[in-house]
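# Topology and contacts: notes
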Amino acid sequence: MSDDLYCKVYLAGAADSAAAKAAISAATGQRFERRGAQVAGLRVDVFDNGQPGSKAADADDDILRWPVYLEIEPMDADMVQPAFVAALAGLLNGLDAHGLRSVASCDFEDELAAARQARR
């Protein structure tokens, strides 16, 4: 596996990590154990995006201030980038369909955007 197969995804539409986990579970049918779940060959970990003394808001145009972020990696150490991008595109499109907005921050954002568009 390449160390580059990692993506941080900012989410709006869920007030906190608990709400995000519930929405992700509804969208994917997968259950979370603590902060993580296995979804379509991906390890998805959910985190609150608050800094002490600040309040994240998903209405804010600055994605860095959205209330939740995900850290996503492949479950299989042998997964190649095209398969990772395809699985991630499917996941993010599914989240969007369930009312969450998502913006990915990764080394392959252009490929991911194209894959998301192709899957719509």
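Values in this document were obtained by computation on a predicted structure and should not be read as measured data.

## Concerning the packing of helix H2 (residues 81–97) against helix H3 (residues 109–119)
Where H2 meets H3, the axes come as close as 8 Å, and the angle between the chain directions of the two elements is 60 degrees. Judged by the inter-axis angle, H2 sits oblique to H3. Remark: the crossing between H2 and H3 carries right-handed chirality. Contact residues: H2 offers Gln81, Val85, Ala86, Leu88, Ala89, Gly90, Leu92, Asn93 and Asp96, while H3 offers Glu111, Leu112, Ala115, Arg116 and Arg119.

## Topic: the pattern of salt bridges
Tallying each qualifying case throughout the model produces two salt bridges. Between Asp45 and Arg43 there is a salt bridge, and its shortest N-O distance comes to 3.0 Å. Overall, the relative accessible area of 13% leaves Asp45 in the buried class. Asp96 is the salt-bridge partner of Arg116, the closest N and O atoms lying 2.2 Å from each other. Pair noted here: Arg116 is in helix H3 and Asp96 is in helix H2, with a separation of 20 residues, a long-range link.

## Digging into the nonpolar core
Nonpolar side chains tend to gather and get buried jointly when the protein is soluble and globular. Among the nonpolar cores identified, the biggest contains 32 residues, and Leu11, Leu42, Leu70, Ile72, Leu88 and Leu112 are the most heavily contacted of them. When contributions to this core are tallied by element, the ones reaching two or more residues are strand S1 (7–12), helix H1 (17–28), strand S2 (36–39), strand S3 (42–48), strand S4 (68–74), H2 and H3. For this core, the element with the most residues is H2, which contributes eight residues. Look past the residues within four positions of Leu70 in its chain and what remains in contact with it is Cys7, Lys8, Val9, Leu11, Ile24, Val44, Asp45, Val46 and Leu95.

Definitions and cut-offs
- Each residue is numbered by its place in its chain's sequence as written, counting from 1.
- Local features in this predicted model are restricted to residues whose pLDDT is 70 or higher, and side-chain atom pairs enter the listing and the counts only when it is 80 or higher, whereas totals over whole chains, interfaces and linings include all residues.
- Values reported for side chains reflect all heavy atoms of the structure, with hydrogen atoms and water molecules removed beforehand.
- Only C-alpha atoms enter the line fits that serve as axes; for helices the fit covers just the stretch in contact. Angles between N-to-C directions range over 0 to 180 degrees.
- The secondary structure listing takes helices from DSSP runs of H or I that are at least 4 residues long and strands from runs of E that are at least 2 residues long, numbered from the N terminus.
- An angle below 35 degrees is read as roughly parallel, one above 145 as roughly antiparallel, one from 65 to 115 as roughly perpendicular, and any other as oblique.
- The handedness criterion is simple: a crossing whose near helix is rotated anticlockwise from the far helix by less than a right angle is left-handed, and one whose near helix is rotated clockwise is right-handed.
- Contacts between residues were defined by any pair of non-hydrogen atoms, one from each residue, lying within 4.5 Å.
- A pairing counts as a salt bridge when a side-chain nitrogen of Lys or Arg comes within 4 Å of a carboxyl oxygen of Asp or Glu.
- Throughout this description, buried means an accessible area under 20% of the type-specific maximum (1.4 Å probe, protein chains only), exposed means over 50%, and partly exposed covers the range between.
- Throughout this description, the term nonpolar core refers to a set of buried Ala, Val, Leu, Ile, Met, Phe, Trp, Tyr and Cys residues connected via side-chain atoms within 4.5 Å.

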